[in-house]
Amino acid sequence: MNDHADDAQPELPGRERRRLQSSRLIQYLLLQAVIAGGCVVALLQSLPGPPAQYQMTAFQLSQAGIERAVTLPYFSPRRDAMNDPPRFSAQFVRPSGEAAQPWSVFLPRFTNGVEVSVNDVVILDSRRDPTANRPDRNTPAIAVIPASVLRDGDNAISIRLFIWGPITGFLDRIWVGPDELLRPSYDLRTLVFVTLPVVFSSWQAILAVILGIMWVMRRHEAAYGVLAAAMAVGVGQAFLQTPMGGETPLSKLNVILISSAPIESALVLTFALLFSGWKWQRYGWILFIPGVLLALAGLFGNQAMVRALFLILAVPMVGISLLIMAIVTARSALRRPNVASLLLGCAVTIMLTCWIADLLSVFQMTPNRIFTARLSYSAMLVAIGAGLTWRFARALNQVDGFAGRLVTQVREAEEKLKVSFAREEERARAAALARERTRLMRDLHDGLGGQLVSIVALSERGNGSAGIGDAARAALKDLRLVIDSMDDIGGDLMLALGSWRERAMAQLRPHDIALDWRAVTPQGLPVHPELRPWHVIQIVRLLDEAVTNAVKHANAKRITVRIETLAGTDGLERGCITVEDDGKGFEITSDGAAAGAIKAARGLRNMRSRAARCGAELELSSCAQGADHGTDQGTRVRLTLPHRFPDSDGAAG
Amino acid sequence: MNSLSEGAKAEAITVVLLEDDAPTLWRLQDALTKAGYQVKAAGTLAEARACLAQGAPKVLLTDLQLPDGHGVDLIRETRRRFPDTEIMVISILGDEESVISAITVGATGYLLKDAFPTDIAATVRDLVAGHSPISASIARFIVRRTQSTPEPPPGPALNTTKLTPREIDILWGIAKGFSYAEIASHLGLSRQTVPGHIKNIYRKLEVHTRGEAVFEAVQQGLIKL
């Protein structure tokens, strides 16, 4: 147990907290008062008896040679009467018509033992019944009167009451009558005072095992170990018999165990203290002094001494333990309201009420002598079982919640990891590409590039080889394009177009063609994270082709490049690049190829194939196609980029 | 004639040209001479140093891979000795591998070896006029370096920590192919100030001295730690 619940409570102002505390205290005390009242009402109820006509109360008591009339129930002042027990005698009448059915003698309650004889024939000696010998059990007795003994008319009954302490003798009213009328009462009492305690003792044995296992698995929770010990002691105490014979080592052990109530109550009290958050202290051993003293008395003294001490040590010890437990459980139920503490508190109240009732009965302040403290201990056992189950269920819920949270967290972490792994992979890929590009660049720079430059220079020296110079220059331009497109542009095609603009301007300058560059939308084209170098090469070559066509075949004076982002009908943004010239245009046949020069036709076919590979749409229009275009002049190449570039170089055509 | 008047204006402008490939050297020299520049051609580092010993040129154009060493050393020396000399690297591919390393020692921009003669002359003229050109691919390389990455990207080392957000915005614009006018209007600048910003960018990317280089390396290391 810890104080987490305390910490979790929101910090209230002092006055507010005190008010809440006192209102909780009042509620708790009211509940306990109701429970105690209920107990008192239940204790005042007497068990139903057989028909009153068979009840016998008037007896002649002969004791130490003196004879006098007494009325049952009778409290004997003596604590020890084994050699000359008080003898109760009376007459009863068996009507002559009832010879057919058996008659019985029913003694609902007596301490400590009885010997019943009818017409001087002994029909019952309770000392032979081990359970009847325990004064703390309210064991009833019944005996069928043998038919041969019973006479029609007057019969004599005599009862000898044996008393061996620790409490004084007692004989309740008795019934003599037809067995079938007496037995239901006897059965009811047996059920309540004999069978039920056995059932509860079995329950206690099970609890001892469960708590023992719990303590073995969770050594740090000593409270469970202590409670398991208490339960084990209780079970031993319940199933052992009162020794009636002489003194043997075994009987000594027996005496110690049977008088173990103070040890058991000390253990239960220790459990309650530990359960409410108390840390074990050295002075805690004080709790066990009465139990140890009693055990020592059993070991070195005699049975009578143990019995005498039991009354002085055990009974107050049980009461004090109950009182301390009542306070401790009330405190913990108030501080940290929870089901386990509340149940324990209610059980303690029940036990305390019963213990007080028993004490009154011992001191003959009640008309009867039914002991209920031991029986009410079952309430404590039920509370412990229920509290344990509640805690177990709550712990399971917490584990479930924790597991659920853990699963969620693990899933989130996995997602993050996946994303970062993909990012890392992408980064590694980009780095590898950059390294490869650097290597390629150095190679080309040192080899091919230098040689091409030499060809350009040499071709300019001799006038007749301008074609070779152009070819070499074109090769250099392409080389730069390849290197440029391998650069990591982060999916921003505008960066590739920036370099292309420079190259195109350098290409157009000697031909006196102006390049009009218009970025219609401010950001130019949308960013495509999936853009790969080969997409860039295809697009730039396509644009190169368009410009080359304008230079070579259209006699254009001005080329306009329009860059814009279009919002499509499907709501997706698409980049659009338009290359327009003011040249003479050309005829486009029905299959989309140029009708003019074979070279130009091949150029157009190339452009279409490049666009298709990138998933882009290519639109060609030329003014020579139809006169109704009016102001439209020259050729227009309109490239609409896909919303997402394809991963593989699939659609070629 | 137009070319004569241009030549007269460029009379005082001296260009030291270092290129080991003879045909290339010849065509560059031809283009610059025709444009009226006074060109001192060199085929090796030693020859170039001899040319520089005669006095500070207005412009130094140099290749990087040379038979007797690396052009970066010459750029560094020249930058130290003649702070007013404009330096440009002659590159085959205009790739960042060669250009960035030249920029960090003091070059401002590059000239492609196969550029048309008119473009060669125009580039040098702009350079002399104080306009340091910057290509889209180089701008792209620089801005990609300003983006934080967990591990150092491949390629030459470059310290971009001194660049201001505005300068980085300008580089983005150039990388995306926008003209100076478009960049100026996007960023709310005057068109005339853009070349000045670019000059500043070059200056900030330059590692001036050996000591400073070490200091910056330590600083960067400390920042990363």
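Remember, it's a predicted structure, so these values are computed and weren't measured experimentally. (Residues numbered from 1 in each chain as written. Chains lettered and ligands numbered in written order. Predicted model: local features only at pLDDT ≥ 70, side-chain atom pairs only at ≥ 80, totals over all residues.)

Q: An account of the overall build of chain A is requested, with residue identities and associated values reported.
A: Helix and strand counts for chain A stand at 14 helices and 18 strands. Of all 653 residues assigned to chain A, the portion counted as buried reaches 37%. Within chain A, contacts between residues at least 6 apart in sequence are counted, and of these 73% link residues at least 24 apart. (Helix = DSSP H or I, 4+ residues; strand = E, 2+ residues; numbered from the N terminus. Buried ≥ 20, exposed ≤ 12 C-beta atoms within 10 Å, placed from the backbone. Contact = placed C-beta atoms within 7 Å.)

Q: Help me get a handle on the interface of chain A and chain B, residues and values and all.
A: Between chain A and chain B, the contact holds 37 residues from the first and 27 residues from the second. Only α10 (373–461), α11 (466–485), α12 (493–508) and β14 (514–519) of chain A provide two or more residues apiece to the side of chain A that touches chain B. In terms of residue count, the dominant contributor to the side of chain A that touches chain B is α10(A) (17 residues).

Q: Describe the nonpolar core, listing the residues and the values that go with them.
A: Of all hydrophobic cores here, the largest spans 95 residues; its most connected members are B:L17 and B:L32. Per element, the largest residue contribution to this core is 8 residues, and it comes from helix α13 (residues 533–553) of chain A. Membership of the second largest hydrophobic core comes to 64 residues, among which are A:A208, A:M231, A:L274 and A:L287. (Core = buried A, V, L, I, M, F, W, Y, C linked by C-beta atoms within 7 Å.)

Q: If you had to explain the UniProt feature "modified residue: 4-aspartylphosphate" (unreviewed entry) in chain B to someone new, which residues and values would you point to?
A: Residues and elements named next belong to chain B. With numbering matched to this structure, UniProt assigns "modified residue: 4-aspartylphosphate" (unreviewed entry) to D63. Locating D63 in the fold gives a position in the loop between β3 (59–62) and β4 (65–66). Classification of D63 as buried rests on a count of 27 C-beta atoms within 10 Å. (UniProt positions renumbered as here; feature names shortened; annotations may be inferred.)

Q: Before we move on, could you go through the UniProt feature "transmembrane region" (unreviewed entry) in chain A and cite the residues and values that matter?
A: Residue and element names in this part refer to chain A. As recorded in UniProt, the feature "transmembrane region" (unreviewed entry) lies at residues 25–47, 191–215, 222–240, 255–276, 283–302, 308–330 and 342–363. The distance from the first to the last C-alpha atom of residues 255–276 is 33 Å, and the span holds 86% helix and 0% strand. Across residues 342–363 one finds 95% helix and 0% strand; the C-alpha atoms that close the span lie 32 Å apart.

Q: Which residues make up unusual backbone geometry, and what values go with them?
A: All names here are of chain A. The omega torsion of the bond from L72 to P73 falls at 0 degrees, within 30 degrees of zero and hence cis. Looking at where P73 falls in the secondary structure, it is placed in the loop between β3 (66–71) and β4 (74–75). The omega torsion across T111 and N112 is 0 degrees, close enough to zero to call that bond cis. With phi around 50 degrees, N119 is a residue other than glycine that occupies positive phi space. Taking the C-beta count within 10 Å as the criterion, N119 has 16 such neighbours and is therefore assigned partly exposed. Its identity as a non-glycine residue notwithstanding, D512 has a phi of 55 degrees, on the positive side. Take D512: there are 7 C-beta atoms within 10 Å of it, and that puts it in the exposed class.

Q: Got a sec to walk through α13(A)? Specific residues and values, please.
A: Spanning 21 residues, α13(A) covers 29 Å between terminal C-alpha atoms, matching the ideal 30 Å at 1.5 Å per step. Downstream of α13(A) by a residue or two, A:N555 has a phi angle that is positive, lying close to 55 degrees. (Expected span 1.5 Å × (residues − 1).)

Q: How would you sum up the environment of B:D169? Please name residues and give values.
A: Residues and elements named next belong to chain B. Among the structural elements, D169 can be located in helix α8 (residues 165–175). By C-beta crowding, D169 is classed as partly exposed, having 17 other C-beta atoms within 10 Å. In the structure, D169 is positioned 26 residues away from V143 in sequence and 8.7 Å away in space, judged by C-alpha atoms.

Q: Please provide a residue-by-residue account of the sheet that holds strand β12 (residues 170–171) of chain A, values included.
A: One open sheet accounts for 3 strands, arranged β4-β12-β7 (chain A); its pairing is antiparallel. Each edge of the sheet is formed by a strand with only one pairing partner; in this case those strands are β4 and β7 (110–111) of chain A. (Pairing = 2+ DSSP bridges.)

Q: Explain the pairing of strand β6 (residues 103–107) of chain A to me, and be specific about the residues and the numbers.
A: Each regular strand carries side chains that alternate between the two faces of the sheet. Residue and element names in this part refer to chain A. Among the 5 residues of β6, 5 are classified as buried, and the element is accordingly described as predominantly covered. Side-chain alternation along β6 places W103, V105 and L107 on one buried face and S104 and F106 on a second face that is also buried. Across 5 bridges, β6 lies against strand β10 (residues 141–145) in antiparallel orientation. The partner of V105 across the bridge, within β10, is A143.

Q: Any details on the sheet that holds strand β13 (residues 174–178) of chain A? Residues and values, ideally.
A: As summarised here, the arrangement of the 4 strands in space is β1-β13-β6-β10 (chain A), forming an open sheet in which the pairing is antiparallel. Single-partner strands in this sheet number two, and they are β1 (55–56) and β10 of chain A.

Q: Requested: an account of the confidence of the model for chain B, with residues and values cited.
A: All names here are of chain B. Here chain B averages 81 in pLDDT, while 83% of its residues score no lower than 70. In this model residues 1–8 is a low-confidence stretch, pLDDT under 50, and it forms 3 contacts with partners more than four residues away in sequence or in other chains. Here the predicted complex scores 0.56 on pTM and 0.81 on ipTM. (pLDDT = per-residue confidence, 0-100.)

Q: Any chance you could break down the environment of A:V121 for me, citing the residues and the numbers?
A: Residue position: A:V121 is located in strand β9 (residues 121–125). For A:V121, a count of 13 C-beta atoms within 10 Å corresponds to the partly exposed category.

Q: Go over helix α2 (residues 14–44) of chain A, please, and point to the residues and values.
A: All names here are of chain A. Taking 1.5 Å of rise per residue, 31 residues should cover 45 Å, and α2 covers 45 Å from first to last C-alpha, within 8% of that figure. The complete set of buried residues in α2 reads Y28, Q32, C39 and L43. Here the buried face of α2 lies against α8 (303–335) and α9 (339–362).

Q: Got a sec to walk through the packing of helix α3 (residues 179–217) of chain A against α10(A)? Specific residues and values, please.
A: Residue and element names in this part refer to chain A. Close contact between α3 and α10 brings their axes to 10 Å; oriented N to C, the two are set at 35 degrees. At the point where α3 passes α10, the crossing takes the left-handed sense. Counted together, P197, F200, W203, Q204 and L207 of α3 and R374, L375, S378, L381, I384 and G385 of α10 form the full contact between these two elements. Looking at the contact of α3 with α10 residue by residue, the class counts come to 7 nonpolar, 3 polar and 1 charged. (Axes fitted to C-alpha atoms, helices over the stretch in contact; angles between N-to-C directions. Left-handed = near helix turned anticlockwise from the far one by under 90°. Nonpolar A, V, L, I, M, F, W, Y, C, P; charged D, E, K, R; others polar.)

Q: Got a sec to walk through the confidence of the model for chain A? Specific residues and values, please.
A: All names here are of chain A. In this model, chain A carries an average pLDDT of 83, and 91% of its residues clear a pLDDT of 70 or more. Below a pLDDT of 50 lies the segment residues 1–8, which in the model reaches 6 contacts outside its immediate sequence neighbourhood of four places, other chains included. This stretch, residues 625–631, has a pLDDT under 50; its non-local contacts, to residues over four places away or in other chains, come to 3 contacts.

Q: Tell me about the environment of A:W517, and name the residues and values.
A: Relative to the helices and strands, A:W517 is located in strand β14. Taking the number of C-beta atoms within 10 Å as the measure of exposure, A:W517 has 18 and is therefore partly exposed. Sequence spacing of A:W517 and A:I563 is 46 residues, and the spatial spacing of their C-alpha atoms is 8.1 Å. With residues near it in sequence (within four places) discarded, A:W517 still touches A:R501, A:V561, B:G177 and B:S179.

Q: Tell me about the pairing of β9(A), residues and numbers included.
A: Residue and element names in this part refer to chain A. Of the pairings in the sheet, the one linking strand β8 (residues 113–118) to β9 comprises 4 bridges and is antiparallel in character. For S117, the partnering residue across the bridge sits in β9 and is V122. Taking the residues between adjacent antiparallel strands as the criterion, β8 and β9 are bridged by 2 residues, where N119 takes a positive phi near 50 degrees.

Q: Residues and numbers for the packing of helix α4 (residues 71–81) of chain B against helix α5 (residues 96–105) of chain B, please.
A: Residue and element names in this part refer to chain B. Here α4 crosses α5 at 25 degrees, and the two axes come no closer than 8 Å. As far as their axial angle goes, α5 and α4 are roughly parallel. α4 and α5 meet at a crossing whose hand is right-handed. Contact residues: V72, I75, R76 and R79 in α4; S101, A102 and V105 in α5. Partitioning the contact of α4 with α5 into residue classes produces 4 nonpolar, 1 polar and 2 charged. (Parallel < 35°, antiparallel > 145°, perpendicular 65-115°, else oblique.)

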